[in-house]
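Observations on the three-dimensional arrangement
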Amino acid sequence: MTQLGLPDGIQACLFDLDGVVTKTAVVHAAAWKETFDAFLRDYEGEQGRPFDAVAEYDEYVDGRPRADGVRAFLASRGIHLPEGAPEDPPDAPTVHGLGNRKNVLLLERVRTGGVEAYEGTLRYLEAVRAAGLRTAIVSSSANCREVLRSVGAEHFFDVRIDGVVAAERHLPGKPHPDTFLAAAHDLGVEPSRAAVFEDALAGMDAGRAGGFGFVVGVDRVGQTDALYAHGASTVVRDLAELGGKE
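Let us look at the structure shown here. (Residues numbered from 1 in each chain as written. Predicted model: local features only at pLDDT ≥ 70, side-chain atom pairs only at ≥ 80, totals over all residues. Heavy atoms only, no water.)

1. Details of the overall build of the chain
- Counting its secondary structure elements, the chain contains 10 helices and six strands.
- Relative to the 2.2 N^0.38 estimate, which gives 18 Å for 246 residues, the radius of gyration of the chain is 18 Å and therefore close to what a compact globule would have.
- Per-residue burial over the chain gives 55% buried out of 246 residues.
- Here the contacts in the chain between residues at least 6 apart in sequence split such that 61% fall between residues at least 24 apart.
- Element-wise, carbon and sulfur atoms account for 50% of the exposed surface of the chain, whose accessible area totals about 10900 Å².
- Charged side chains of the chain number 25 positive and 38 negative; the gap between the two group centres comes to 3 Å. (Helix = DSSP H or I, 4+ residues; strand = E, 2+ residues; numbered from the N terminus. Rg over C-alpha atoms; globule rule 2.2 N^0.38 Å. Buried < 20%, exposed > 50% of the residue type's maximum accessible area, 1.4 Å probe, protein only. Contact = heavy atoms within 4.5 Å. Areas by Shrake-Rupley, 256 points an atom, 1.4 Å probe, with all protein chains shown as cover. Lys, Arg positive; Asp, Glu negative; His and termini not counted. Charge placed at Lys NZ, Arg CZ, Asp CG, Glu CD.)

2. Description of the nonpolar core
- Among the nonpolar cores identified, the biggest contains 37 residues, and Leu6, Phe15, Tyr124, Phe197 and Leu239 are the most heavily contacted of them.
- For this core, the secondary structure elements donating two or more residues are strand 1 (12-15), helix 1 (25-40), helix 4 (95-113), helix 5 (119-130), helix 6 (144-150), strand 4 (194-198) and strand 5 (214-218).
- Per-element accounting of this core gives the leading share, five residues, to helix 5.
- Sequence-distant contacts of tyrosine 124, that is, excluding residues within four places in its chain, are made with Leu4, Leu6, Phe15, Phe197, Leu239, Leu242 and Gly243. (Core = buried A, V, L, I, M, F, W, Y, C linked by side-chain atoms within 4.5 Å.)

3. Considerations on helix 9 (residues 201-209)
- The element helix 9 is extensively covered by neighbouring structure, given that seven of its nine residues are classed as buried.
- When helix 9 is considered as a whole, its buried residues turn out to be Leu201, Ala202, Gly203, Met204, Asp205, Ala206 and Gly207.
- Close packing links the buried residues of helix 9 with helix 2 (55-61), helix 8 (178-187), strand 4, strand 5 and helix 10 (224-229).

4. Quick look at unusual backbone geometry
- Put simply, lysine 174 and proline 175 share a cis peptide bond, and its omega is 15 degrees.
- Mapped onto the elements of the fold, proline 175 is located in the loop between helix 7 (163-169) and helix 8.
- With a phi angle near 60 degrees, histidine 170 is a residue other than glycine that sits in the positive phi range.
- Position of histidine 170 relative to the elements: it lies in the loop between helix 7 and helix 8.

5. A closer look at the sheet that holds strand 6 (residues 234-236)
- Taken in spatial order, the six strands of this open sheet run 3-2-1-4-5-6, and their pairing is parallel. At either margin of the open sheet sits one strand with a lone partner, and together these are strand 3 (159-161) and strand 6. This sheet shows a mean twist of 20 degrees between the axes of neighbouring strands, independent of strand direction.
- By the bridge criterion, four bridges tie strand 4 to strand 5 in an arrangement that is parallel. Bridging from a neighbouring strand, phenylalanine 197 pairs with valine 216 of strand 5. (Pairing = 2+ DSSP bridges. Axes fitted to C-alpha atoms, helices over the stretch in contact; angles between N-to-C directions.)

6. What to know about the environment of glycine 63
- Positionally, glycine 63 belongs in the loop between helix 2 and helix 3 (66-76).
- Take glycine 63: its relative accessible area is 13%, and that puts it in the buried class.
- In sequence terms glycine 63 and proline 175 are 112 residues apart; their C-alpha atoms lie 7.8 Å from each other.
- Excluding residues that lie within four positions of it along the chain, glycine 63 makes contacts with Ser140, Lys174 and Ala200.

This is the structure in structure tokens:
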């Protein structure tokens, strides 16, 4: 293993945004809860039970493109909505409308409360760059660039594959590996020579499915066993544990 805590031969590092680089996973979860709870008030019994911003967020929403998260969660409750279109207004009773409502609430929270970066990740990124490894940010968020700029971290990444790029290239989101594979391709690195850094179970699945050389699970919420079960090569609570401090 290198001083960065990675196997010899790794040439590139592919980082998820929310929960790995920035402390936005909790903001996403809160926006999803506000969105789903308002929607679920029209339902009774088990279908109308409030959204669990920990367990259900992790299982159905975290790491997935917005519309995929809506579909997965509603399916778990046996609720069906028409698809609608990506440009649906946030009050439309459609999959895309519900997802767009969540995005409005998220941006309100980001702009009023600000976004913080994980200092351990920023130090690790500096060490990765100093060691000559190439880097990419891989996020399902359509607000990835805005969030990176808000914490002054955009310069750390050679390539950005986010929700906007994925839509333009018609790339399915996590747990499919396509966005990570696109990042490795754009960096000119074989997947077996790239390491994935993820906190979401869907991201672990993507790393395993893509045949990446190393998959680092970042456990911010006490789900170490689940991260390993979904394909993590190693699990840390903070990237500072991997090294790279010299």
